[in-house]
Amino acid sequence: MIKIEVRYFATLRIDDKKKETLEVQEDTSVETLLDQIGVNLEDVAILLVNGIRTPPENKLKDGDILSLFPPVGGG
């Protein structure tokens with residue numbers, strides 16, 4: 001098992017939670033983790049791992065910080 005910190009921004013916050021630490025299996029991808037926490041990939045505009053944009057198939061490592069940003073709207 002590895003520990004990952006997930007940071008939620010704007011409309012992706014779950015129960016007003018800004019961040020949480022989760023334990024997941026080694027070789028878990030970003031996409032798999034999103035499925036586990038109930039976030040649809042289509043709802044995420046930007047995925048960052050340790051501050052670097054990453055594809056959803058990227059594998060997570062112990063201590064990674066995953067940041068999830070929704071599309072931004074405005075006018």
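Figured I'd write up the structure that's included with this text. Along each chain, residue indices are assigned from 1 in the same order as the chain's sequence is written. In view of the model being predicted, local features appear only for residues whose pLDDT reaches at least 70, and side-chain atom pairs are presented and counted only at 80 or more, with totals across whole chains, interfaces and linings using the full set of residues. As a rule here, side-chain values cover all heavy atoms of the structure and leave hydrogens and water aside.

1. Some thoughts on the overall build of the chain
In this description a helix means any DSSP run of H or I spanning at least four residues, a strand means any run of E spanning at least two, and both kinds are numbered starting from the N terminus. Helix and strand counts for the chain come out as one helix and five strands. Across the chain, helices and strands are ordered from the amino to the carboxyl terminus as β-β-α-β-β-β. Just to be clear, the radius of gyration here is over C-alpha atoms, and the globule rule we use is 2.2 Å times residues to the power 0.38. Taking 11 Å as the expected radius of gyration for a compact globule of 75 residues, we find that the chain reaches 12 Å, a close match to that expectation. Principal-axis analysis of the C-alpha atoms gives the chain an extent of 45 × 25 × 20 Å. Think of it in three bands: with a 1.4 Å probe and only protein chains considered, a residue is buried below 20% of the maximum accessible area for its type, exposed above 50%, and partly exposed in between. Within the chain, the fraction of its 75 residues that count as buried is 36%. In this description, contact between two residues means that some pair of their heavy atoms is separated by no more than 4.5 Å. A sequence separation of at least 24 residues applies to 52% of the contacts in the chain between residues at least 6 apart. To be clear on the numbers: accessible area is Shrake-Rupley with a 1.4 Å probe, and residue cover counts the displayed protein chains and nothing else. As presented, the chain carries roughly 4900 Å² of accessible surface, and 46% of it is formed by carbon and sulfur atoms.

2. Thoughts on the nonpolar core
By size, the foremost hydrophobic cluster in this structure holds 18 residues, and its most contacted members are Ile4, Val6, Leu33, Ile37, Leu66 and Leu68. When contributions to this core are tallied by element, the ones reaching two or more residues are strand S1 (2-8), strand S2 (19-24), helix H1 (30-37), strand S3 (46-49) and strand S5 (65-69). Beyond its immediate sequence surroundings of up to four residues, Leu66 is in contact with Ile4, Glu5, Val6, Arg7, Val30, Leu33, Leu47, Leu48 and Val49. Take the buried residues of types Ala, Val, Leu, Ile, Met, Phe, Trp, Tyr and Cys, join any two whose side-chain atoms come within 4.5 Å, and each joined set is a nonpolar core.

3. Focus: the sheet that holds S5
Each pair of strands is called paired provided DSSP finds at least two bridges between the two strands. With mixed pairing, five strands are arranged side by side in an open sheet as S2-S1-S5-S3-S4. A strand with exactly one partner marks an edge of an open sheet, and here the two such strands are S2 and strand S4 (52-53). Taken together, the four bridges between S1 and S5 define a ladder with parallel strand orientation. If you follow Arg7 over to S5, its bridge partner there is Ser67.

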